[in-house]
Amino acid sequence: MVAFTKRLGILLVTLPISLSSSFVPTRRTNVVVERRHPIFSTKTDNAIQTDADLSQMTVVALKDRLRQLSLPLSGRKDDLVKRLLDNSDQQPPQPDTQEPKQEEAARSSEKKEDDDSTIYNNLTVPALKERLRELGLSVGGRKADLIERLLESNDNTHTEHEAEKEDEIEIEASDDDLTHPDLSSEDDDENSNDTDRSESSTRRAKRKKFWKTQEVRDLIKQNDQSAIVKAEEMITQLERMAAETGDDEYLPGPIQYTTLIEAYSHGGTVDAAQRAEKVINRLLSSVDSKDANPTTQMLNAIIGAYASTGTEPAAEQATAILEKMEYIKDFGDGTVKPSVHSFAMTINAWSNVGSETAAHNAEEILKRLLEDYDEALEQDTEYAKELKPNNVVFNSVIDAWARSGSNSAGEKAESILLRMEGLSKIKIYDVRPDTITFNTCIKAWCNSGHPDAPLKAEGLLRKLETNPQYPKQRGGMLIVRPNRLSFNTVINSWAKSRKPKSAVYAENLLIRMIKSYQSDPFSTVKPDVITFSSVLNALAKSKATGFKAEKCKSVLNSMITLYEDDGSSDTKPNVICYNTVLNACAFSARGGPDERRKALSVAVETFNELRRGQFGLSPDAVSYGNMLKCCANLMPPGSYRTKMASQLFTSCCNDGLVGGMCLDEIRRCLPPREFMQLLAKCGCNKPLNQGRMAHSVQLSQLPRAFTKNVKAGDLKDRQRDSYAPKKTKNIVRGRKQKEHPVLRRPGLLIEQSWMSGKDV
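> I tried to follow the overall build of the chain on my own but got confused; where do I start?
Of regular secondary structure, the chain possesses 33 helices and four strands. Expressed as a percentage of its 760 residues, the buried residues of the chain come to 44%. In the chain, the proportion of contacts linking residues at least 24 apart, taken out of those at least 6 apart, comes to 65%. Carbon and sulfur atoms make up 50% of the accessible area of the chain, which amounts to about 40400 Å² in all.

Right under this line is the structure:
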């Protein structure tokens, strides 16, 4: 295009000189290079143009023949051959002096195609697909299909370059052709060619913009961090291409700028949102550009950028942009109008703040939306369709209250639910509660800290289990059913509750889930690992549940049975479930001798299942710590406890799983002297040789082999006060007097469940 413009300018400048010349204009043949193939010679042998002969030609040669006959060039090779055979009665152009050169060019083209085919055959399928993605082509099919697709792309590119060369050669025609009175038909042809070239340039610009935009959008969908960089490069490249070619079609338009702002919105930072707003300000200042006017989609993308940051200043900026959109709608040209999506994202921005004030602001924005919608119904029915409230807006406000942590969050959320039920009966509103609405209200009650929060949440769950129905906009009824999240949220609420029978309520919910799942094969309330873990946690921390070790083991067995029946990974037990059962056994010491004996039996059985590698599991540092805690809490002091604890600690050292809890519990199980001897027997004899005390041994001083497989969170000293030296407060003559630590003989230690919540 640049060469065409330059040469046309030269012709226009030299035109007066040509007119003033004294020579007589003569008609000259337009020198247009036509690529020809030997098959289209002047020989009258019709047998040459057979299906077999045409099939042996390359795609480039076939397209050259079609171009000479003014036939379409699209389609695969078989389509080109069929098109030539159908139009074989047309007279091919006469040969010219350029035919030998064209034959040589065709042969070189065939050779190039063979070379490309060889190169592509040596590439792997992933490499071929990567090249196809760069060209914006489909990546489906086998390897042969991928290679053929690449070869056709090369042919198309070659054809475009040759067409541009033909255009340039046509521009080099004589000045006589521009001035001779008998060449009016040729002038019309040239004008037609100029129009075709302009349309071709426009199509190329649109394709370039489309593929660059699509590349950035793919990165945005993949949450790739390089999406922002690619989007900025896209804008820069398109602007540079427009400047180099002089074609405004290459300039980025609203779609490209919207994509750039969407890339910023996925950045999740205030800086990215501010950069997105600078793009809008730049567009507002560039009034000369036809594509400079911001659109509703651009401003919505900026609101989304602020919403993703989750800060109060960002939510205020999002609200300011929404107010600016409303101002342009009321007092501006009306090109930008806030939609229901604009209100929903602004509400989401306040929801992500997570405070009571933010929840109030979100509810105020919802009220403004309803007021604007009622006003639009009276004045502009078309705009009312864009502003029609939906479930997303109401659910976002409920979520804002659920995240606020306010004591009144549950009541506020449930009042919005009741309002949605009332609006669902009015046809002009497309609002009706769904499963997400009920789950978010349950979440609001559970996070409110209200004393009766678990009971209120279970009340909503029971209402949801009745499968309430609400009328749809286009007829029919929406049946709302509970899902797994509904039950898990209520069970977790009971697990955190300090009510006496909270563990019993949690266990009953689990039983209801199992019965519902087993009775209905299409049930959506199948329990998973989170469900069982929450119930086990509730039982382990319960103070009013007797024989909780056996109940925890029963729940774990139910989980194993459910997993063995369907083999789903959702119900596969993990090491946390086993550790929770061991923790429940360790805190069964408050019961009688019978309960302690059964708890110890359950602990040994559970730990042995872990040691056998059931379900591919193995004990971790917490498992060994809980098992040693069972020995200290459930077994009386004596040789049997010493022997069992020594074996556990030795195995723990060999596995490299000595954590803070393990070191603490072994000192409870063994007397100090036997503990030091056990350390020396395991390979750490330095403390014994130095004559150190048992309480002075720190986890960081043990050999690296003892702790090599411990997670970072378990590498903490958990020294008990009874083993640490007490700080002296007596001051004699200005000096502090050290007191010897009082070491009581380890015995049966009663420990409340809430003291070691980290053990779970």
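> What's the story with the nonpolar core in this structure? I'm lost.
Soluble globular proteins tend to pack their nonpolar side chains together in the buried interior. In this structure, F649, I666, F675 and L702 are the most contacted members of the largest nonpolar core, which totals 156 residues. Ignoring anything within four residues of it in the chain, the contact list for F675 reads L663, I666, R667, L670, A694 and V697.

> What am I meant to see in the pattern of salt bridges here?
When the charged atoms of two side chains lie near each other, side chains of opposite charge can form a pair. Scanning the model with the defined rule gives 23 salt bridges in all. Between K385 and E382 there is a salt bridge; the shortest N-O distance is 3.8 Å. Within this pair, K385 and its partner E382 are both found in helix α17 (residues 381-386), separated by three residues, close to a single helical turn. Assigned by exposure class, K385 and E382 land together as exposed. When the shortest N-O distance is used, the salt bridge between R462 and E458 registers 3.5 Å. Residue R462 and its partner E458 are located together in helix α21 (residues 453-465), separated by four residues, close to a single helical turn.

> Honestly, the packing of helix α26 (residues 575-586) against helix α28 (residues 621-634) in this entry has me stumped. Any pointers?
In a pair of packed helices, the angle between the axes and the distance between the axes together describe the arrangement. The interhelical angle for the contact between α26 and α28, taken along N-to-C directions, is 15°, at an axis separation of 8 Å. Considered as vectors, α26 and α28 are oriented roughly parallel to each other. α28 is crossed by α26, and the crossing has left-handed handedness. Of the residues in α28, those in contact with V575, N579, L582, N583, C585 and A586 of α26 are V622, S623, N626, M627, K629, C630, N633 and L634.

> In this structure, what is going on with the side chain of D372? I would like to understand it.
As for its position among the elements, D372 is in helix α16 (residues 356-379). In this structure, D372 is buried with no salt-bridge partner, the nearest side chain bearing the opposite charge being K329 at 5.5 Å. When residues no more than four places from it in sequence are discounted, the contact partners of D372 are E326, F343 and L387.

> Would you mind going over the packing of aromatic side chains with me for this structure?
For any pair of aromatic rings, the description rests on two quantities: the centre-to-centre distance and the angle between the ring planes. Within this structure, the stated rule accounts for five aromatic pairs. When the ring of Y563 is compared with that of F615, the centres are 5.5 Å apart and the planes differ by 85°; the resulting orientation is edge-to-face. With Y563 in helix α25 (residues 548-566) and F615 in the loop between α27 (593-611) and α28, the pair connects residues that are 52 residues apart, well separated along the chain. Each member of the pair, Y563 as well as F615, carries the same accessibility label: buried. Arranged with centres 5.4 Å apart and planes meeting at 70°, the rings of F607 and Y624 form a pair that is edge-to-face. In this pair, F607 sits in helix α27 while Y624 sits in helix α28, placing the two residues 17 residues apart along the sequence. Side by side, F607 and Y624 carry an identical accessibility label, which is buried.

> Explain the confidence of the model for the chain here, please?
Low-confidence regions, as indicated by low pLDDT, have predicted coordinates that should not be scrutinised in detail. Of all residues in the chain, 74% have pLDDT values of 70 or greater, and the mean over the chain is 77. Every residue in residues 1-48 scores below 50 in pLDDT, and together they form 74 contacts with partners more than four places removed in sequence or on other chains. Taken together, the stretch residues 719-729 has pLDDT below 50 and engages in 24 contacts with residues farther than four places along the chain or on a different chain.

> Would you take a moment to explain a negative patch on the surface for this structure?
On the surface, E371, D374, E375 and E378 cluster together to form a negatively charged patch. Inspection of the secondary structure assignment puts E371 in helix α16.

> What is the right way to look at unusual backbone geometry in this model?
Trans is the common state for peptide bonds, and a negative phi is the common state for residues other than glycine. Residue N467 is not a glycine yet carries a positive backbone phi of 55°. Mapping N467 onto the fold places it in the loop between α21 and β1 (469-471). Judged by its relative accessible area of 29%, N467 falls in the partly exposed class. The backbone phi angle of F615 is positive, close to 60°, even though this residue is not glycine.

> How should I be thinking about the packing of helix α24 (residues 529-541) against α25 in this particular structure?
Where α24 meets α25, the axes come as close as 9 Å, and the angle between the chain directions of the two elements is 170°. Relative to α25, the element α24 is oriented roughly antiparallel. Across the interface between the two elements, V529, F532, V535, L536, L539 and A540 of α24 pack against K548, K551, C552, V555, L556, S558, M559 and L562 of α25. In the contact of α24 with α25, the residues fall into eleven nonpolar, one polar and two charged.

> Hey, could you run me through the environment of S601 in this one?
Relative to the helices and strands, S601 resides in helix α27. Of the residues examined, S601 reaches a relative accessible area of 48% and is grouped as partly exposed.

> Which parts of the structure should I look at to understand the state of the cysteines?
Disulfides are covalent bonds that link the sulfur atoms of two cysteine residues. A complete count under the given rule lists zero disulfides for this structure. Take C669: it sits in no disulfide, and the sulfur closest to it among the cysteines is that of C631, at 5.3 Å. Here C684 stays free of any disulfide, with the sulfur of C653 as its closest cysteine sulfur at 8.6 Å.

> I'm lost on helix α13 (residues 296-307) in this one. Help?
Along an α-helix, residues three or four apart share an orientation, since each turn contains 3.6 residues. Relative to the 16 Å expected for twelve residues at 1.5 Å per residue, α13 spans 16 Å between its end C-alpha atoms, a close match to the ideal helical length. Burial runs high along α13: eleven of the twelve residues are buried. Those residues of α13 that fall on the buried side of the exposure criterion are T296, M298, L299, N300, A301, I302, I303, G304, A305, Y306 and A307.

> What am I meant to see in the environment of D528 here?
Note that D528 resides in the loop between α23 (502-519) and α24. The buried category is assigned to D528, whose relative accessible area is 9%. Separated by 34 residues in the primary sequence, D528 and L562 have C-alpha atoms spaced 9.6 Å apart. Residues within four places of D528 in sequence aside, it is in contact with R484, N488, D570 and T571.

> What exactly am I supposed to notice about α25 here?
With 19 residues, α25 should reach 27 Å at 1.5 Å per residue; the first-to-last C-alpha distance of 28 Å fits that figure. Buried positions along α25 lie against α23, α24, α26 and α27. One or two residues past the end of α25 sits G567, with phi positive at roughly 70°.

Rules used in this analysis
- Every residue gets a number counted from 1 within its own chain, in the order that chain's sequence is written.
- Where totals are concerned, whole chains, interfaces and linings use all residues; where local detail is concerned, this predicted model gives features only for residues with pLDDT of at least 70, and gives and counts side-chain atom pairs only at 80 or more.
- With hydrogens and water excluded, all non-hydrogen atoms of the structure serve as input to the side-chain values.
- In DSSP terms, a helix is any run of H or I states spanning at least four residues, a strand is any run of E spanning at least two, and both are numbered starting from the N terminus.
- Buried residues are those whose accessible area, probed at 1.4 Å on protein chains only, stays under 20% of the maximum for their type, while exposed residues exceed 50% and partly exposed ones sit between those limits.
- Residues count as neighbours in contact if any of their non-hydrogen atoms are within 4.5 Å of one another.
- Accessible surface area values rest on a Shrake-Rupley calculation with a 1.4 Å probe, where residue burial reflects the displayed protein chains alone.
- We define a nonpolar core as any set of buried Ala, Val, Leu, Ile, Met, Phe, Trp, Tyr and Cys residues linked to one another through side-chain atoms lying within 4.5 Å.
- By definition here, a salt bridge exists when the distance from a side-chain nitrogen of Lys or Arg to a carboxyl oxygen of Asp or Glu is within 4 Å.
- Axis definition: a line fitted to C-alpha atoms, limited for helices to the stretch in contact. Angles are taken between N-to-C directions and run from 0 to 180 degrees.
- Should an angle fall under 35 degrees it is taken as roughly parallel, and over 145 as roughly antiparallel, whereas 65 to 115 is taken as roughly perpendicular and any remaining angle as oblique.
- By definition, any crossing whose near helix is turned counterclockwise from its far helix by less than a right angle is left-handed, and any crossing with a clockwise turn is right-handed.
- For this count, His and the chain ends are skipped, Lys and Arg are scored as positive, and Asp and Glu as negative.
- Ring geometry is summarised as follows: Phe, Tyr and Trp rings, the Trp one being its six-membered ring, pair when their centres sit within 6.5 Å, and such pairs are stacked at plane angles under 30 degrees, edge-to-face over 60 and tilted between the two.
- Values of pLDDT, which run from 0 to 100, indicate the predictor's confidence residue by residue.
- Only residues whose relative accessible area exceeds 30% and that form no salt bridge are eligible for patches; like-charged ones are grouped when within 9 Å, while nonpolar side chains (Val, Leu, Ile, Met, Phe, Trp, Tyr) are grouped when within 5 Å.
- A charge is said to be at NZ when it belongs to Lys, at CZ for Arg, at CG for Asp and at CD for Glu.
- Any residue outside Ala, Val, Leu, Ile, Met, Phe, Trp, Tyr, Cys, Pro, Asp, Glu, Lys and Arg is labelled polar, Gly included; the first ten of those are nonpolar and the last four are charged.
- Our working definition of a disulfide is a cysteine sulfur pair at a distance within 2.5 Å.
- How far a helix is expected to stretch is found by multiplying one less than its residue total by 1.5 Å.

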